[in-house]
Amino acid sequence: NAGVTQTPKFQVLKTGQSMTLQCAQDMNHEYMSWYRQDPGMGLRLIHYSVGAGITDQGEVPNGYNVSRSTTEDFPLRLLSAAPSQTSVYFCASRSGTGGFNEQFFGPGTRLTVL
Amino acid sequence: KQEVTQIPAALSVPEGENLVLNCSFTDSAIYNLQWFRQDPGKGLTSLLLIQSSQREQTSGRLNASLDKSSGRSTLYIAASQPGDSATYLCAVPTGSGNTGKLIFGQGTTLQVKP
């Protein structure tokens, strides 16, 4: 198993550009989520999905869109990048839809918005 | 509102020492608690998951304990090695657990000196 994979590893954008961060998992996990990690703020949940076709907002969803057309993939879209979105983005997945199981994280995407 | 605290924020020990990292949480109604390791510039690696019904979990030189009534967990690392140098994070799922949102502590950055 590759586990949770993310692409790209690094990205530099200009303000106003759009892009999609890719996340995929090969563990057939129902639950997937996106976090951002910022110094002094820790990890914060952006969006999550409990299965294909089902998504919901986390605590910092503004400026981001998600969709879940398959179990394996959960892309995160930045519609119009802003410097405040400079961060490290992590995708995570977990089996089941309850809170009982272990969560696995991808290697992250480091995004800089100029 | 659940809050997770890790003390100390940083720790430096000589190689071979046994050490304890602390994690406390304010709401004892948790499903489980998960310990992660994060190397600089890397993603989060799951170390141990303790279910709410368990008192401890062990993996190699790592032993995690959980005391729900006092809102505390400890991660014990035996015979520390320079390769153990990393940031260690603890996290608990929120509320009903169905959102899968993890509340993270700020982490303890460990340096093991040769």
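Analysis parameters
Residues numbered from 1 in each chain as written. Chains lettered and ligands numbered in written order. Predicted model: local features only at pLDDT ≥ 70, side-chain atom pairs only at ≥ 80, totals over all residues. Heavy atoms only, no water. Contact = heavy atoms within 4.5 Å. Buried area = accessible area lost by both parts, 1.4 Å probe. Salt bridge = Lys/Arg side-chain N within 4 Å of Asp/Glu carboxyl O. Polar contact = N/O pair within 3.5 Å; in protein donor to acceptor, adjacent residues only side chain to side chain. Helix = DSSP H or I, 4+ residues; strand = E, 2+ residues; numbered from the N terminus. 1 Å grid on protein atoms, 1.4 Å probe; cavity = no way out; pocket = protein on both sides within 12 Å on 5 of 7 lines; lining within 4 Å. Points joined across faces, edges and corners; volume = space filled by probe spheres on them. Nonpolar A, V, L, I, M, F, W, Y, C, P; charged D, E, K, R; others polar. Buried < 20%, exposed > 50% of the residue type's maximum accessible area, 1.4 Å probe, protein only. pLDDT = per-residue confidence, 0-100. Pairing = 2+ DSSP bridges. Axes fitted to C-alpha atoms, helices over the stretch in contact; angles between N-to-C directions.

**Some details on the interface of chain A and chain B**
- Contacts between the two partners involve 24 residues from chain A and, on the opposite side, 22 residues from chain B.
- Note on chain A versus chain B: buried area summed over both sides is about 1,800 Å², and carbon and sulfur give 50% of it.
- Counting across the chain A and chain B interface gives one salt bridge.
- Connecting chain A to chain B are four residue pairs in polar contact (both at pLDDT 80 or more).
- Among the elements of the structure, strand S4 (31–38), strand S5 (42–51), strand S9 (87–94) and strand S10 (103–105) of chain A are those that each provide at least two residues to the side of chain A that touches chain B.
- The biggest single contributor to the side of chain A that touches chain B is S5(A), with five residues.

**Quick word on the layout of surface pockets**
- Size it by volume and the largest pocket reaches roughly 420 Å³.
- Lining the largest pocket are 22 residues, with B:Lys1, B:Gln2, B:Glu3, B:Ile103 and B:Phe104 positioned closest to its centre.
- Elements that contribute at least two residues to the lining of the largest pocket include exactly S5 of chain A together with strand S1 (4–7) and strand S10 (102–104) of chain B.
- Residue composition of the lining of the largest pocket, by class: nine nonpolar, seven polar and six charged.
- Residue lining of the second largest pocket: 20 residues in total, with A:Gln37, A:Asp38, A:Pro39, B:Gln38 and B:Thr87 positioned closest to the centre.
- Breaking the lining of the second largest pocket down by element, the ones donating at least two residues are S4, S5 and S9 of chain A together with strand S9 (86–93) of chain B.

**Digging into the pattern of salt bridges**
All names here are of chain A.
- Scanning the model with the defined rule gives five salt bridges over all chains in all.
- Ionic pairing is found between Arg36 and Asp38, a salt bridge with its closest N-O pair at 2.8 Å. The residues Arg36 and Asp38 share a single accessibility class, namely buried.
- The residue Arg44 makes a salt bridge to Asp38 at a minimum N-O spacing of 2.9 Å.
- The class for Arg44 is buried, based on a relative accessible area of 17%.
- Judged by its relative accessible area of 10%, Asp38 is buried.
- Beyond isolated ion pairs, a larger network of salt bridges with shared partners links Arg36, Asp38 and Arg44.

**Some points on the confidence of the model for chain A**
- Confidence in the prediction for chain A averages 93 pLDDT; 97% of positions are at 70 or higher.
- The lowest-confidence element of chain A is S5(A), averaging 91 in pLDDT; the highest-confidence one is strand S3 (residues 19–25) of chain A, averaging 98.

**Thoughts on unusual backbone geometry**
- With an omega of -10°, the peptide bond running from A:Thr7 to A:Pro8 counts as cis.
- Structurally, the position occupied by A:Pro8 is in the loop between strand S1 (4–7) and strand S2 (10–13).
- A cis amide bond, omega 0°, links B:Ile7 with the succeeding residue B:Pro8.
- You will see that A:Asn28, though not glycine, has its phi angle at about 60°, which is positive.

**Considering the sheet that holds S1(A)**
Residues and elements named next belong to chain A.
- The four strands lie next to each other as S1-S3-S8-S7, forming an open sheet whose pairing is antiparallel. The open sheet has two edge strands with one neighbour each: S1 and strand S7 (64–66). Across the sheet, the axes of successive neighbouring strands diverge by a mean angle of 20°, strand direction being ignored.
- As paired elements, S1 and S3 share four bridges and run antiparallel to each other. Residue pairing for S3: Thr5 is matched across the bridge by Ala24.

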